[in-house]
There are 2 protein chains.
Amino acid sequence: MQVKGVNLGNWLVLEKWMSPGLFEGTTAEDEHNLPLQLPKEVYEARIKMHRSEYITERDFTRIKSLGLDTVRIPVPYFIFGDREPFIGCIGELDNAFNWAERYGLQILIDLHTAPGSQNGFDNGGESGVCIWSQQPDEVEFELSVLERLAERYGQRKGLWGIEIINEPVLEDMWEGMHVQERYPAVDAERGARSKPNTIEFIRQFYLDAYDRIRKHMPEDKYVVFHDAFRLKAWKDFMREDKYRGVVLDTHQYLMMAELYGCEQTVESYVGYVKNLQKDIEEMKEYFPVICGEWCLFNSLAVGQDTKGGQTVLNGVEGLDQEVVSDERKKEIYNAVAKAQLEAWKAGNGYFYWSWKLLTDTVNTPGWVGWDSWDLGRCVDFGWFPVEEA
Amino acid sequence: MQVKGVNLGNWLVLEKWMSPGLFEGTTAEDEHNLPLQLPKEVYEARIKMHRSEYITERDFTRIKSLGLDTVRIPVPYFIFGDREPFIGCIGELDNAFNWAERYGLQILIDLHTAPGSQNGFDNGGESGVCIWSQQPDEVEFELSVLERLAERYGQRKGLWGIEIINEPVLEDMWEGMHVQERYPAVDAERGARSKPNTIEFIRQFYLDAYDRIRKHMPEDKYVVFHDAFRLKAWKDFMREDKYRGVVLDTHQYLMMAELYGCEQTVESYVGYVKNLQKDIEEMKEYFPVICGEWCLFNSLAVGQDTKGGQTVLNGVEGLDQEVVSDERKKEIYNAVAKAQLEAWKAGNGYFYWSWKLLTDTVNTPGWVGWDSWDLGRCVDFGWFPVEEA
């Protein structure tokens, strides 16, 4: 099994930096706080316009034309429209299945958020808050969302699989990334109650989720679980015969390598990825391994140290002018792309993060170099090698 | 001079069929009537979201990567924000100039609408109404918009030219297209007062506009005028030496050919275009000639007679299922593309209409076959030949 895919990030789960227009005139940093700052009808109008214009049929036709076969679609816990004030988006996912089946693509549904958040990242829905796993009723709610998704799409030709939950944090990542400093909580009380998930909880949640999903989904569709940022911690997990079609997902960004001390040179990046490839090969003995999120972005090509991928939104000043030549950027990106694609191929494939970024590197100060998060632009610039379908 | 370009249609001047989300929950058929049916803050939220997401930096990078060199940007008469309740969009055009200059493209600014409308088309801003040229103060207003555009962008490297006004109708087109039946007026009184422009008025308006624009714009930038649907009526026009850098723009759709009786076969389409090429060559003796709007769309590839390009929005039933095979569609589109591109090259180039269409041919009944209006999708499907930059 080899998957070549891309994430449709920021479509149904928002990230402010990827489409700033949605957040204009507010101080909200995340999806959770946005409706608290806008009149109901303005919030609704913005969300609905975004959903109807950000990803459409024509994205599916282009993705197919690039030789990719699968899209990973992050969805929020409120997808079924039962958690006010948030607006459901199951209709949008229905549309996506029809597009995928029309154009010969498949979908990995990725449950990307949980009420109270599983990681406290801005993209977890509520910055600086991580209280979901402390609330048994919300844990059960999350399982019910997975079950409903499996019921609705389990038999669809366009379904590749369902991912249980995106990036639940454990203690090491919570501390190492200084989550609550990077993403300060708006609600102090919820922030104070926050702590990382335990590995015991996550393992049990994954087992429960497997059962709830598999009940409705045949074994040729995959159940995907994220490594919780510990790629090699899963050798004794789901060894029983009943677990079929389970895929291990690891997310690997060069900005995180930098945070762990990787030097900002092409040689170091490539070396780092080659080591990672060994770990992937090791874990492939246990599960098919995909890299469900990665991109070409790195500080060397930006032209300044981004302190582990921090932006003006995190209070880190960015560049207003290009300092690296177009030729040099292409060299750097081509070199890291080659190493990364080789590593993912040594496993079972990849999903680029992300397909589309509306971030304006020309007209908004501080964003020079961030275009490499956008696979469409990477192809346009010749940074990402397109193998024809 | 040869221009290879594409229109950024429906970005700053709306067409309901190209992004239905904007018009959801209303019966408005055009941009003029939309704010009359929505609460002010909802109207604003929709418009602003649309403008910030529909066309962005990444469209410019892809257009450049396809080997095109120029974009034609339709703008409304209220671009400067001085005509309530409409919202200005000069900031968006400023952004576009910065993107164009960053990525090596140029812009043809196309003043696409006038208060009271110059044609009564849905894309003229007010369906079924054509009273602009009867109001001297509005004629002067339109000239002032052109002058302000020339002042603001005349010296920009990214400027290719300014088009005086899009598709003013004369009597023949007004009658032949049955404009007021195809696009019924909402305001009966304004509808009743409507009539086509006279050729005398349009000629004088073009002369006045030339002076107002050229005052601020050097002669290496083009002043473009539309042929008012009479390609060969301009042999005695602007013959004086003072008129420099003037380009004649003709819009040529196969759906109009069908309306004039062209048989719905590849041979007839190609024959029609070859005749057109002769007319273009004839007119090239007088002006450089561009085809500022055209596309691959035709009824043969759709699989049913569209009655001259009418849609479910005009009350003409469309198809819900594909009836022409993907292979056959590609054959048809490749053949007409070859003939059309040859014809435009015999002139001085072209702008495809349009770059992007959000119309969902899979999930909304009646739209099968309309994807060929979307240049991005035509490239994805291999319908449009991409010559590398």
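Keep in mind that what you see is a predicted model, and the values were worked out from it rather than measured.

Student: Help me understand the overall build of chain A, please; the structure alone is not making it clear to me.
Tutor: Helices and strands together make up the secondary structure of chain A, namely 14 helices and 8 strands. Here the C-alpha radius of gyration of chain A, 20 Å, is about what a compact globule of 389 residues would show, namely 21 Å. Taken along its principal axes, the extent of the C-alpha atoms in chain A is 55 × 50 × 45 Å. In chain A, which comprises 389 residues, the share counted as buried stands at 63%. Sequence separation of 24 or more characterises 76% of the internal contacts of chain A that already satisfy a separation of 6 or more. Accessible area for chain A stands at about 13,800 Å²; split by element, carbon and sulfur atoms hold 49% of it. A gap of 5 Å separates the mean positions of the 42 positive and 65 negative side-chain charges of chain A.

Student: Sorry, what's going on with the pairing of strand 8 (residues 349-352) of chain A here?
Tutor: For a regular strand, side-chain orientation follows a simple rule: the groups alternate between the two sheet faces. Residues and elements named next belong to chain A. Of the two faces of strand 8, the one holding Gly349 and Phe351 and the one holding Tyr350 and Tyr352 are both buried throughout. Pairing geometry for strand 1 (residues 3-7) and strand 8, over 4 bridges, is parallel. Directly across from Lys4, in strand 8, lies its bridge partner Tyr350.

Student: Got a minute to help me understand the confidence of the model for chain A in this structure?
Tutor: Low pLDDT means the predicted atomic positions in that stretch should not be read closely. Overall, the prediction assigns chain A a mean pLDDT of 96, with 99% of residues at 70 or greater. For this predicted complex, the interface score ipTM comes out at 0.97, alongside a pTM of 0.97.

Student: How do you make sense of the side chain of Asn166 of chain B when you look at a structure like this?
Tutor: Residue and element names in this part refer to chain B. By the element assignment, Asn166 lies in the loop between strand 4 (159-163) and helix 5 (171-176). A polar atom in the side chain of Asn166 sits 3.4 Å from the side chain of His112. Setting aside anything within four residues of it in sequence, one finds Asn166 in contact with Arg72, Asp110, Leu111, His112, Gln118, Asn119, His251 and Glu293.

Student: For this particular structure, what's the right way to read the packing of aromatic side chains?
Tutor: Given two aromatic rings, their pairing is described by the distance between the two centres and the angle made by the two planes. Residue and element names in this part refer to chain B. Summed over the entire model, instances satisfying the criterion amount to 76 aromatic pairs over all chains. Residues Trp17 and Trp373 carry aromatic rings whose centres are separated by 5.3 Å and whose planes lie at 80° to one another, so their mutual orientation is edge-to-face. Of the two residues, Trp17 is situated in the loop between strand 1 (3-7) and helix 1 (40-54) and Trp373 in the loop between strand 8 (349-352) and helix 13 (375-380); the sequence distance between them amounts to 356 residues. Judged by relative accessible area, Trp17 falls into the buried class, the value being 10%.

Student: Before we go on, may I ask you to explain the UniProt feature "domain: Glycoside hydrolase family" (unreviewed entry) in chain A in this structure?
Tutor: Within this numbering scheme, the UniProt entry marks residues 52-298 of chain A as carrying the feature "domain: Glycoside hydrolase family" (unreviewed entry). Helix and strand shares over residues 52-298 of chain A are 40% and 13% respectively, and the end C-alpha atoms of the span are 31 Å apart.

Student: Would you explain the packing of helix 10 (residues 266-283) of chain B against helix 12 (residues 326-346) of chain B in this entry?
Tutor: The axes of two packed helices give the description: the angle between them and the distance between them. Residue and element names in this part refer to chain B. Remark: helix 10 packs on helix 12, axes separated minimally by 8 Å, with the N-to-C direction vectors making an angle of 10°. In terms of orientation, helix 10 and helix 12 fall into the roughly parallel class. Only Arg328, Ile332, Ala335, Val336, Ala339, Gln340, Glu342, Ala343, Trp344 and Ala346 of helix 12 make contact with helix 10, whose side of the interface consists of Val266, Tyr269, Val270, Val273, Lys274, Leu276, Gln277, Ile280 and Glu281.

Student: Please explain the relation of the copies chain B and chain A as it appears in this structure.
Tutor: There are two copies of the chain, and a rotation about an axis plus a shift along that axis relates them. At an RMSD of 0.0 Å, chain B and chain A line up after a rotation of 180° and a shift of 0.0 Å along the axis. What the superposition gives is, in effect, a two-fold axis relating one chain to the other. A high fraction, 100%, of the interface residues of chain B reappear at the interface in chain A, so the copies pair face to face through one surface.

Student: Would you explain helix 2 (residues 40-54) of chain A in this entry?
Tutor: Working note: α-helix, 3.6 residues per turn, so residues spaced by three or four point in the same direction. Here helix 2 of chain A is 15 residues long and its end C-alpha atoms lie 21 Å apart, about the 21 Å a rise of 1.5 Å per residue gives. Residues of helix 2 of chain A that are buried sit in contact with helix 1 (34-37), helix 3 (57-65) and helix 4 (90-103) of chain A together with helix 1 of chain B.

Student: What is the right way to look at the interface of chain B and chain A in this model?
Tutor: Accessible area lost upon the coming together of the parts is a frequently used measure of interface size. Each side of the interface is counted separately: chain B has 41 residues, and chain A has 41 residues. Buried area between chain B and chain A, both sides added, is near 3,400 Å², and the carbon and sulfur share of it is 52%. Together, Met49, Glu53 and Arg58 of chain B form the three largest contributors to the area buried by chain B at its contact with chain A, with a combined 21%. For Glu57 of chain A, the salt bridge goes to Arg377 of chain B, with nearest N and O atoms at 3.1 Å. Summed over the shared surface of chain B and chain A, the number is 23 residue pairs in polar contact (both at pLDDT 80 or more). Listed by contribution, the elements that provide at least two residues to the side of chain B that touches chain A are helix 1, helix 2 (57-65), helix 3 (90-103), helix 12 and helix 13 of chain B. Considering each element in turn, the side of chain B that touches chain A owes the most residues, 9 residues, to helix 1 of chain B. Broken down by class, the residue content of the side of chain B that touches chain A amounts to 12 nonpolar, 13 polar and 16 charged.

Student: I would appreciate a short explanation of the pattern of salt bridges in the present structure.
Tutor: When the charged atoms of two side chains with opposite charge come close together, those side chains can pair. All told, the structure shown has 68 salt bridges over all chains when counted by the stated rule. Notably, a salt bridge pairs Lys356 of chain A with Asp59 of chain A, separated by 3.1 Å at the nearest N-O pair. Remark: Asp59 of chain A occurs in helix 3 and Lys356 of chain A occurs in the loop between strand 8 and helix 14 (375-380); sequence separation between them is 297 residues. For the residue pair Lys356 of chain A and Asp59 of chain A, the accessibility class agrees, reading buried in each case. The closest approach of N and O atoms between Arg83 of chain B and Glu138 of chain B, which form a salt bridge, is 2.9 Å. Here Arg83 of chain B, found in the loop between strand 2 (70-75) and helix 3, pairs with Glu138 of chain B, found in helix 4 (residues 136-153); they are 55 residues apart in sequence, far enough to count as distant. By relative accessible area, which is 12% here, Glu138 of chain B ends up buried.

Student: What should I look at first to understand the side chain of Thr361 of chain B in this one?
Tutor: Along the chain, the position of Thr361 of chain B falls in the loop between strand 8 and helix 13. Looking at Thr361 of chain B, the relative accessible area reads 5%, which means it is buried. A distance of 2.6 Å separates a polar atom in the side chain of Thr361 of chain B from a polar atom in the side chain of Glu57 of chain A. Among residues more than four places away in sequence, those in contact with Thr361 of chain B are Glu57 and Tyr103 of chain A together with Trp367, Val368, Asp371 and Arg377 of chain B.

Student: Can you help me understand the nonpolar core in this one?
Tutor: Soluble globular proteins: nonpolar side chains tend toward being buried together. Ranked by size, the top nonpolar core spans 261 residues in total, and within it Trp234 of chain A together with Trp234 of chain B carry the most contacts. For Trp234 of chain A, the contacting residues outside a window of four places in its chain are Ile199, Ile202, Arg203, Tyr206, Phe225, His226, Asp227, Ala228, Leu248, Met283 and Phe287 of chain A.

Student: Looking at this model, I keep getting lost on unusual backbone geometry. Mind explaining?
Tutor: Glycine aside, residues mostly have negative phi angles, and peptide bonds mostly take the trans form. In the segment running from Trp353 of chain A into Ser354 of chain A, the intervening peptide bond is cis, with an omega of 10°. Tracing the sequence through the fold places Ser354 of chain A in the loop between strand 8 and helix 14. Note the cis peptide between Glu84 of chain B and Pro85 of chain B, where omega equals 5°. Among the structural elements, Pro85 of chain B can be located in the loop between strand 2 and helix 3. We note that Ser117 of chain A has phi near 75°; this positive angle belongs to a residue other than glycine. Residue position: Ser117 of chain A is located in the loop between strand 3 (106-111) and helix 5 (136-153). Of note in this structure, Ala228 of chain A is not a glycine but carries a positive phi near 55°.

Student: Could you clarify how one ought to interpret the pairing of strand 6 (residues 246-251) of chain A in this entry?
Tutor: All names here are of chain A. Within strand 6, 6 of the 6 residues are buried, which leaves the element mostly enclosed by the surrounding structure. Covered by surrounding structure in strand 6 are Val246, Leu248 and Thr250 together with Val247, Asp249 and His251, the residues of both alternating faces. With 4 bridges connecting them, strand 5 (residues 222-226) and strand 6 associate as parallel partners. In the strand pairing of strand 6, Val224 is matched with Val247. Across 4 bridges, strand 6 lies against strand 7 (residues 289-293) in parallel orientation. By the bridge assignment, His251 is partnered in strand 7 with Glu293.

Student: Where do I start with the packing of helix 5 of chain A against helix 9 (residues 199-214) of chain A in this structure?
Tutor: Residues and elements named next belong to chain A. Relative orientation of the contacting elements helix 5 and helix 9 amounts to 35°, with a least axis distance of 9 Å. For the pair helix 5 and helix 9, the crossing hand works out as right-handed. Two secondary-structure elements touch here, helix 5 through Val139, Glu140, Glu142, Leu143, Ser144, Leu146, Glu147 and Ala150 and helix 9 through Phe201, Phe205, Asp208, Ala209, Arg212 and Ile213. Its residues placed into classes, the contact of helix 5 with helix 9 shows 8 nonpolar, 1 polar and 5 charged.

What counts as what
Residues numbered from 1 in each chain as written. Chains lettered and ligands numbered in written order. Predicted model: local features only at pLDDT ≥ 70, side-chain atom pairs only at ≥ 80, totals over all residues. Heavy atoms only, no water. Helix = DSSP H or I, 4+ residues; strand = E, 2+ residues; numbered from the N terminus. Rg over C-alpha atoms; globule rule 2.2 N^0.38 Å. Buried < 20%, exposed > 50% of the residue type's maximum accessible area, 1.4 Å probe, protein only. Contact = heavy atoms within 4.5 Å. Areas by Shrake-Rupley, 256 points an atom, 1.4 Å probe, with all protein chains shown as cover. Lys, Arg positive; Asp, Glu negative; His and termini not counted. Charge placed at Lys NZ, Arg CZ, Asp CG, Glu CD. Pairing = 2+ DSSP bridges. pLDDT = per-residue confidence, 0-100. Polar contact = N/O pair within 3.5 Å; in protein donor to acceptor, adjacent residues only side chain to side chain. Phe/Tyr/Trp six-rings, centres within 6.5 Å; stacked < 30°, edge-to-face > 60°. UniProt positions renumbered as here; feature names shortened; annotations may be inferred. Axes fitted to C-alpha atoms, helices over the stretch in contact; angles between N-to-C directions. Parallel < 35°, antiparallel > 145°, perpendicular 65-115°, else oblique. Least-squares fit on C-alpha atoms with pLDDT ≥ 70 in both. Expected span 1.5 Å × (residues − 1). Buried area = accessible area lost by both parts, 1.4 Å probe. Salt bridge = Lys/Arg side-chain N within 4 Å of Asp/Glu carboxyl O. Nonpolar A, V, L, I, M, F, W, Y, C, P; charged D, E, K, R; others polar. Core = buried A, V, L, I, M, F, W, Y, C linked by side-chain atoms within 4.5 Å. Left-handed = near helix turned anticlockwise from the far one by under 90°.

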